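Structural description and commentary
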Amino acid sequence: MAKTHPAVSNGVAPRTAPDQPNAEPRLGEKERFMLLLIAPAGIVLVLFQIVPIIFGANASFRDWQLFNPAQTWVGLKHYLYILSDSTFLTVVLPNTFLLMFLSVTLSLIGGLALAHYLHRNFAGQWLMQTIILLPQMIAPVIGAMMMRWVFNDQFGVVAAFLDWVGFGPISWLAQRWPSFFIVIFTDVWIWTPWFALILLAGLRSLPREPFEAAQIDAAGAWRTFTHLTLPMLRPVIAVCVLIRSIDAFRTFDVVWILTGGGPARSTEVFSIYTYIETFVNLDFGRGSAAAIIGALIILAVAGAMYKVAGRVTDVSR
Amino acid sequence: MTALCTTRSDRPYCWTDALAPGGRRAFFWLATIAIVLLFLGPIVILVVTSLRPGWAVFYIYRGTDFTLQNYRDVLATEAVIHAFVNSFLVATLATIVSIGVTVSSGYMLSRFRGPIPRAWFGTIYVFRTVPYISWVLPLYLVCYHLGIYDTYAGILLPHIAVHICFFSWIMKGFFDGIDPSMEYAALVDGCTRWGAFLRVALPSAIPAIAALGILSWLYTWNEFLFALILTGHNTALITVTMAQFVTELGTAWNLMSAMAVMAMGPAIIITLFAQKYVVRGLRI
Amino acid sequence: MAQVVLEEVNKEYGSVRAVVDVNLTVADGEFVVLVGPSGCGKSTTLRMVAGLEEITRGLIRIGERVVNRLPPKDRDIAMVFQNYALYQHMTVYDNLAFGLRNRKVREADIKTEVMRAAAVLGIEQLLSRKPRELSGGQQQRVALGRCVVRHPQVFLFDEPLSNLDAKLRAQMRIELKRLRERVATTSIYVTHDQVEAMTLGDRVVVMLDGRIQQVATPLEIYNRPRNRFVAGFIGAPAMNFLSVELQNIDDHLHAVAENFRIRVPQDRVSELACQRARAVVLGVRPEHVLMGEPRPEHGTGFDANVEVTEQLGAELLVAVRAGGTTVLASRVDAEATLALHQPLRLSLDPRGLHFFDRESGEAIR
C-alpha cells in the first residue's frame, strides 16, 4: 500500500514500535490500542465520507431528480452521457487540467523566487514574510472577490491603469480566456505563498559547504541555482507539486466567485460542472455520476504522480 | 555594511551574491516593491473600498470621502451578525473536536506498522485525494434524510472529517520527529499504552497541536463549498453570506468589502501573532 | 604558487572577537597547519583567506595582491571541506570539471586536466560514478582532485580528515604527504588533531581564543613550547604539570615538589634566576618520567604507586600517584609487568624540564 513520503517526515526516519512475540492472538493489546486511537476518527470518516460515497454511487446508477422522488435504475446511462458530453470532454476536463498545470507551475516558479528572496537576513524580513503569507491565509472566496473587484472592467484598479496607460477597457469576465486568466491569476496569488514557505524551509535545510565550494569554483548565480539548488530541492519540489496538483483539481471557490463557470460555461472546471448538474439542473443522478467520474480520474492521476514523485525523491537521495 | 548585506557566514551563498553590490541592492528593492504591490495591493484596495461611501465606490481613486458607514450598515444587518456568530461557533467546535481525533490518528500512524496502519493511511490518502464535491454532494441528501441538514451537526462533522484527512499528516510528521524511546521507557516502567500516549507523547506535542488548532480553525472559517451545500438559513456561514452579496445584480461592493474585511480579520490577526505556528503547520 | 601573508587580521562578530591580531607569513610552497581547540579561530582565519568570511580588520595578501575585496573565485585558491562538499548530483568527472567549465575552459583542455588530476589521486575508475556511491576516503580524494585540477596558487584545507575513521585518517595523512610531493603548493591546513598538525606541517601554528600562541616547526613546538597551553596541547599523552618551588639547596638551584626535588641543570639556572616568584609550574613530558633512581647529581627520585596502566603494544602508559595528589604519566617498555598499586621509584630526566610562570603560563627561558 501507500508508503510515507520520504520528504514529508522531518528528515527523520520513523521508528518502529517494539515487536511483540509471535504467540500473540491476532487482536492483541497493541491492535486494540491502535483501533481505539482511530475509532472516533474512523466513525466520522465512515459516516460522513464513505457512506455518502456509497450513497452517491448508488444514485449515479439511478434516474434521480431532486424534485422527483422516483429513483429508477438506469445502469450506466448517466456515465455514458457525461463521457460523451462534448462540454465535459472539450471544455470542463481540459479547463481543469489546464488550471492544474498552470496554477501549479506558476506557483512553483513564484514560490522559488520568493523563497530565495526570503532566504537572507534583512531588516524587515518578518514583515515581508507576513505580507507574503496573507493571500494564503484569507479565505479563497475573499481572495476571489478581491480579484473580481480589481479586474472590474469599469471601476477596477486594472481598468484605471489601462485607461491611464492608453489601452481601451478589457471586459475580462465577458470572454473565456481573459476570465480563465483571472482565475489562474487568483489561484496563483493564493498558493504561491504556500510554495514559498515550504521551499524556504527546504532552502534553509540545504548544507552550506557545496555552495561555498561552488563559490570557489566560480559558479555564477544561475549555474549555482540550476546545478546545485534545484537538484537538492528536487524531493521537496516533488512533494509540493504532488499535493498541490491534487488540490488544484478540485478547485471550486475561486471559479465560482469569479466566473460561476461562465461566460456560457466556458470556464467550468470539474467541481463546478458537478455542482451545476446537481443543484442547478437538479439532476442528482447525473451529478453523482459526474462526481464519481471525477473521483476516479483524480485517483488515477494522483496514483501516477505519486509513483513519479517517489522515483524522483529516491533518485535524488 | 548595511543590513542588506550581512556577513556571508550568516547565510549560505545566495545567487544574488553574483550580482554587483549595487545591482544586488537594486534588484532587492525592485522585488520588495513588486511583492508589496502584488500581495498587499488587492487587500489594501479592498480595505479602501470598504471605507468609501456607496456612491463613491466607483471612483475610489478620486475623491477623499471616507466613512465607516459601510461597517455600521453591515453590522446592523441581522443576517450578517448571525453568519459571523455561526462561523465562529462552527470553526471553534470543529477545531476542538478535530484536535482530539486527529492527534490520536497521527500518533497511531507514526508509532505503528502493519496492516491496520496501512489501511488507515490508505483511507486517509484516498479521501485526501477525492474531490470534496464527490462526497459532499450525496452527503447533502444523507443529511436531509437524517434530519441534520442546516444544523450544526450537519456542518461540523464533515469539517471534522476533512480535518482528519488533512491534518493527520502533520501530526504524524511531528510524532515521527519525537524519539519513541521515552514512551518505551514509560511502558517498561509499567505505564499502559494510553498512559504513555497521554502523559509522555502528548505534552511534547503541544506546539504542534497549537499549529494544528490554528490551521484547522482558519480552514473551517474560510471554507466555502461545504457551507454552500450543507447550510441553509439556520446555520448560514460568512463565506456564503458574502458570496450572496456578489451574485446579486449590481454588487454592493462597499458593503461586501466591509464584510470581507471583517471576515479577513482573524486571518490577519493570526498571521501577525501566530505566524510561527502557521509556518510550522503549513509545512506539509 | 605564491606566498600568503596575513597582516593584523581581525574578525569580529559584533562584540565577539573571533580572530585577534593574526600575523602570519606562509612562504611559497610551504605547508602550514593551524591547530587548536574548537572555537579558537582557526577555521575562521582559513575562511577569511578563502574569502568566505569578511575581514573585519587587517590585510591578506596572496602573492602580490591584496585579496580583501576579491570574491573567492578570483583569489586563485582551492579548498577542501570537512564534509567533502561534493556536488552530489554530478558525476565525479563533472565534479572535477565544474570549476573549469565555469571559467570557460575548452572541453578538450578540461578533459586533459581532469584525467591528469584523477591519475594523481588514483580515482580514474570512479569518474563516471556519483558521490553517494563512493566511500568516505574516495569522496575525499575527489575533493582533493577538485583542488588539483585547477593548479591554483594556494590550497586550503578545513579539517578534511575529521569525518573519517581513525584507520582511514592515518591512510589519508600519508596520501596527503604523497600528494604534496607530486603537487607542491602553498597550503594552509586547519585541524584540531595535533597528530595531524605534527605529521603534516612544515610549520605549525597553535591558536587559542583567536590568537596565535606559537608558530614554529613541529619539533620546535614539541621541545620548546612557548607557553603552558601549547605545551599541554601538543603531544599525547599530554605533558605533566607540577607546582614546584625554586629553592637553593647546597648551593644549587633545585625545583622542589611535595616529595622530591630535582636539581636544575646548570645551563638553565641563569634563566630561572631572573624569575622573581619562587613558585613556578614544572612541565615534564611522560617520556621524561623515568623508572629507577636518578644519578645523584641530578637530584632525588621519588616514590609513587601505579594507578592505571594502558597497554599500547609498542609501549605501556602508566599513570602513577606520587604523594597526596600528584598524578604523573609515564611511558615504559611494553614488556614491563606492573601491578595495580605497585610501588615504584621514579625520577625526572633533567633534559626534559620545562618551566612556566604560574600566572601568565609563559615559558621561562
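The structure displayed is predicted, hence computed values, not measured ones.

**Section: the overall build of chain B**
What chain B contains, in helices and strands, is 13 helices and zero strands. The N-to-C order of helical and strand elements in chain B reads α-α-α-α-α-α-α-α-α-α-α-α-α. Within chain B, buried positions represent 46% of all 284 residues. Taking as baseline every contact in chain B between residues at least 6 positions apart, the subset at least 24 positions apart corresponds to 72%.

**Observations concerning the domain arrangement of chain B**
All names here are of chain B. Taken domain by domain, chain B consists of domain 1 (8-71) and domain 2 (74-282). The interface is formed by ten residues belonging to domain 1 together with nine residues belonging to domain 2. Of all elements in the fold, only helix H1 (21-50) and helix H2 (69-76) reach the threshold of two or more residues within the side of domain 1 that touches domain 2. Residues that form the side of domain 1 that touches domain 2 fall into these classes: five nonpolar, four polar and one charged.

**Examining the nonpolar core**
Counting 263 residues, the largest nonpolar core has Met 145 and Leu 199 of chain A, Val 136, Leu 230 and Ala 260 of chain B together with Leu 156 and Ile 188 of chain C as the members making the most contacts within it. With 15 residues, the single largest contributor to this core is helix H7 (residues 176-204) of chain A.

**What about the interface of chain C and chain A?**
Tallying the contact residues gives 16 residues for chain C and 15 residues for chain A. Listed by contribution, the elements that provide at least two residues to the side of chain C that touches chain A are strand S6 (77-80) and helix H2 (92-102) of chain C. A class-by-class count of the residues in the side of chain C that touches chain A yields ten nonpolar, four polar and two charged.

**Remarks on the pairing of strand S19 (residues 343-348) of chain C**
Residue and element names in this part refer to chain C. Sheet topology places strand S15 (residues 289-291) next to S19; three bridges connect them, and they run antiparallel. Looking at S19, one finds that Val 289 is bridged to Leu 348. In terms of strand pairing, strand S16 (residues 302-311) meets S19 through four bridges, oriented antiparallel. What sits directly across from Asp 303, in S19, is Arg 345.

**Comments concerning the sheet that holds strand S8 (residues 186-191) of chain C**
Residues and elements named next belong to chain C. The strand order S6-S7-S8-S3-S9-S10 describes an open sheet built from six strands, whose pairing is mixed. For this open sheet the edge positions go to S6 and strand S10 (211-216), each flanked by a neighbour on one side alone. On average, adjacent strands in this sheet sit at an angle of 20 degrees to one another, irrespective of strand direction. Note: strand S7 (residues 154-158) against S8, five bridges, orientation parallel. Paired with Phe 157 across the two strands is Tyr 189, which belongs to S8. The strands that helix H4 (residues 136-148) touches are S6 and S7; relative to S6, the one it contacts most, it runs at about 175 degrees.

**Some points on the domain arrangement of chain A**
Residues and elements named next belong to chain A. Each assigned domain of chain A is listed with its residue range as follows: domain 1 (29-73) and domain 2 (77-316). Here domain 1 and domain 2 have C-alpha centroids that lie 30 Å from each other. At the junction of the two partners, domain 1 supplies ten residues and domain 2 supplies nine residues. Taken together, the elements giving at least two residues each to the side of domain 1 that touches domain 2 come down to helix H1 (29-60) and strand S1 (62-65). Among the residues making up the side of domain 1 that touches domain 2, the classes are represented as five nonpolar, three polar and two charged.

**Description of the confidence of the model for chain A**
All names here are of chain A. On average, residues of chain A score 85 in pLDDT, and 90% of them are at 70 or above. Across chain A, the element-wise mean pLDDT spans from 76 in strand S2 (residues 68-73) up to 94 in H7. Every residue in residues 20-25 scores below 50 in pLDDT, and together they form two contacts with partners more than four places removed in sequence or on other chains.

**As for the interface of chain A and chain B**
Contacts between the two partners involve 93 residues from chain A, matched on the other side by 90 residues from chain B. Sort the elements by how many residues they give to the side of chain A that touches chain B and H1 of chain A lands first, with 18 residues. Taken together, the residues of the side of chain A that touches chain B sort by class into 68 nonpolar, 18 polar and seven charged.

**Quick notes on the environment of Ile 174 of chain C**
When you line up the elements, Ile 174 of chain C lands in helix H5 (residues 166-182). In the structure, Ile 174 of chain C is positioned 26 residues away from Leu 200 of chain C in sequence and 8.7 Å away in space, judged by C-alpha atoms.

**Description of helix H8 (residues 209-216) of chain A**
Here H8 of chain A lies mainly inside the structure; seven of its eight residues are buried. Listing the buried residues of H8 of chain A in full gives Pro 210, Phe 211, Glu 212, Ala 213, Ala 214, Gln 215 and Ile 216 of chain A.

**Section: helix H3 (residues 86-118) of chain A**
Taking 1.5 Å as the rise per residue, H3 of chain A with 33 residues should run 48 Å; its terminal C-alpha atoms sit 46 Å apart, in good agreement. At Val 92 of chain A, H3 of chain A shows its largest bend, some 25 degrees, and a proline, Pro 94 of chain A, comes one to four positions later.

**Quick word on the environment of Ile 206 of chain B**
As for its position among the elements, Ile 206 of chain B is in helix H9 (residues 206-222). Separated by 21 residues in the primary sequence, Ile 206 of chain B and Ala 227 of chain B place their C-alpha atoms 30 Å from one another.

**Quick look at the sheet that holds strand S14 (residues 279-284) of chain C**
All names here are of chain C. Taken together, five strands build an open sheet; the order of strands is S13-S12-S11-S14-S20 and the sheet is antiparallel. Taken across any chain shown, the strands that pair with only one partner, and hence form the sheet edges, are strand S13 (261-263) and strand S20 (353-357). Ignoring which end each strand starts from, the neighbouring axes of this sheet average 40 degrees apart.

**Some details on the pairing of S14 of chain C**
Where strand S11 (residues 240-249) of chain C lies against S14 of chain C, six bridges are found, and the strand directions are antiparallel. Counterpart to Ser 243 of chain C in the pairing with S14 of chain C is Val 281 of chain C.

**Topic: unusual backbone geometry**
In the segment running from Ala 236 of chain C into Pro 237 of chain C, the intervening peptide bond is cis, with an omega of -5 degrees. Mapped onto the secondary structure, Pro 237 of chain C falls in the loop between helix H8 (228-233) and S11. Despite not being glycine, Asp 150 of chain B shows a phi value in the positive range, around 65 degrees. One can find Asp 150 of chain B in the loop between helix H5 (132-146) and helix H6 (152-176). One non-glycine residue, Ala 85 of chain C, lies in the positive phi region at around 55 degrees. Within the secondary structure, Ala 85 of chain C is located in the loop between S6 and H2. Owing to 24 C-beta atoms within 10 Å, Ala 85 of chain C belongs among the buried residues under this scheme.

**Observations regarding the packing of H2 of chain C against H4 of chain C**
All names here are of chain C. Across the interface, H2 lies against H4 with an axial gap of 8 Å and an inter-helix angle of 30 degrees. It follows from the interaxial angle that H2 and H4 lie roughly parallel. For the pair H2 and H4, the sense of crossing is right-handed. Contacts between H2 and H4 involve Val 92, Asn 95, Leu 96 and Gly 99 from the former and Val 142, Gly 145 and Arg 146 from the latter. Across the contact of H2 with H4, the residue classes tally to three nonpolar, three polar and one charged.

**Let's talk about the packing of helix H5 (residues 140-150) of chain A against H7 of chain A**
Residue and element names in this part refer to chain A. Following both chains from N to C, one finds H5 and H7 inclined at 130 degrees, their axes separated by 10 Å at the closest point. The angle between the axes of H5 and H7 places the two elements in the oblique class. For H5 against H7, the interelement crossing comes out right-handed. For the pair H5 and H7, the contacting residues are Pro 140, Gly 143, Ala 144 and Met 147 in the first and Ile 182, Phe 185, Thr 186, Trp 189 and Ile 190 in the second. In terms of residue class, the contact of H5 with H7 is made up of seven nonpolar, two polar and no charged.

**Focus on the environment of Leu 317 of chain C**
All names here are of chain C. Looking at the element boundaries, Leu 317 is found in strand S17 (residues 315-322). Classification of Leu 317 by C-beta neighbours within 10 Å gives partly exposed; the count is 17. Sequence-distant contacts of Leu 317, that is, excluding residues within four places in its chain, are made with Pro 237, Thr 309, Glu 310, Leu 312, Ala 329 and Arg 331.

Cut-offs and rules
- Residues numbered from 1 in each chain as written.
- Chains lettered and ligands numbered in written order.
- Predicted model: local features only at pLDDT ≥ 70, side-chain atom pairs only at ≥ 80, totals over all residues.
- Helix = DSSP H or I, 4+ residues; strand = E, 2+ residues; numbered from the N terminus.
- Buried ≥ 20, exposed ≤ 12 C-beta atoms within 10 Å, placed from the backbone.
- Contact = placed C-beta atoms within 7 Å.
- Domains from an automatic or database assignment.
- Nonpolar A, V, L, I, M, F, W, Y, C, P; charged D, E, K, R; others polar.
- Core = buried A, V, L, I, M, F, W, Y, C linked by C-beta atoms within 7 Å.
- Pairing = 2+ DSSP bridges.
- Axes fitted to C-alpha atoms, helices over the stretch in contact; angles between N-to-C directions.
- pLDDT = per-residue confidence, 0-100.
- Expected span 1.5 Å × (residues − 1).
- Bend = angle between axes of the 7 residues up to and from the residue.
- Parallel < 35°, antiparallel > 145°, perpendicular 65-115°, else oblique.
- Left-handed = near helix turned anticlockwise from the far one by under 90°.

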